[in-house]
Amino acid sequence: MKNYKGGFIGQNKHVAIVAGEFNTVVTQKLVDGAIESLSRHAVSDNDIDVYWVPGAFEIPFAVQKLLKKNAYDGIMTLGAVIKGETDHYDLICSSVAAAIANLNTSANVPVTFGVLTTHDLEQAVQRAGAKAGNEGSATAKSLLEMMSLNDQL
């Protein structure tokens, strides 16, 4: 029996981060956490490209375009959708999650999901580096592990 598991070494890996600008107070912290984690695991700053899109809904479009370039070993998505008083929240969350999942399963490189879906700003801030850790960092680690595993598959 053989077991395969990805590692966390990002040396010579080119990574794209696609981040939604909406709720920038949160998403900037997610991006900062992701970059810090990638750097800590040997991804050079020159090998990290950050693409800012207006909001979470636009993330899948940018990811799809980047996948067609075949320039990245992995792509991570970061954003923050915070519940309001309308159904808009549910529509955006479902649409974005489904689109990113579809891109991930049809791509030749891993696409990780780091879009926060929270009930309020306080929850989002907690998941962007306060008490609950930084989801950007966690998403970066998932991407590193999946890129490593992808090399083995």
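Residues numbered from 1 in each chain as written. Predicted model: local features only at pLDDT ≥ 70, side-chain atom pairs only at ≥ 80, totals over all residues. Heavy atoms only, no water.

Visitor: Kindly report on unusual backbone geometry, identifying the contributing residues and their values.
Guide: The phi angle at A42 is positive, at roughly 75°, despite the residue not being glycine. By secondary structure assignment, the location of A42 is in the loop between helix 1 (24-40) and strand 2 (48-53). Under the relative-accessibility criterion, A42 is labelled partly exposed at 39%. One non-glycine residue with positive phi stands out, namely N70, at about 55°. Looking at the element boundaries, N70 is found in the loop between helix 2 (59-69) and strand 3 (74-82). (Helix = DSSP H or I, 4+ residues; strand = E, 2+ residues; numbered from the N terminus. Buried < 20%, exposed > 50% of the residue type's maximum accessible area, 1.4 Å probe, protein only.)

Visitor: Can you break down the packing of helix 2 against helix 3 (residues 88-106) residue by residue, with the values?
Guide: Where helix 2 meets helix 3, the axes come as close as 9 Å, and the angle between the chain directions of the two elements is 10°. Overall, the two elements helix 2 and helix 3 adopt an arrangement that is roughly parallel. Helix 3 is crossed by helix 2, and the crossing has left-handed handedness. Every residue of helix 3 that contacts helix 2 at I59, P60, V63, Q64 and L67 is listed here: V96, A99, I100 and L103. When grouped by side-chain class, the residues that make up the contact of helix 2 with helix 3 number 8 nonpolar, 1 polar and no charged. (Axes fitted to C-alpha atoms, helices over the stretch in contact; angles between N-to-C directions. Parallel < 35°, antiparallel > 145°, perpendicular 65-115°, else oblique. Left-handed = near helix turned anticlockwise from the far one by under 90°. Contact = heavy atoms within 4.5 Å. Nonpolar A, V, L, I, M, F, W, Y, C, P; charged D, E, K, R; others polar.)

Visitor: Break down the layout of surface pockets for me, citing the residues and quoting the values.
Guide: Of the voids in this model, the largest pocket is the one considered here, and its volume is about 250 Å³. Lining the largest pocket we find 17 residues, and of these F22, A80, V81, H88 and I92 sit closest to its centre. Elements represented by at least two residues in the lining of the largest pocket include exactly strand 3 and helix 3. Looking at the lining of the largest pocket residue by residue, the class counts come to 9 nonpolar, 5 polar and 3 charged. (1 Å grid on protein atoms, 1.4 Å probe; cavity = no way out; pocket = protein on both sides within 12 Å on 5 of 7 lines; lining within 4 Å. Points joined across faces, edges and corners; volume = space filled by probe spheres on them.)

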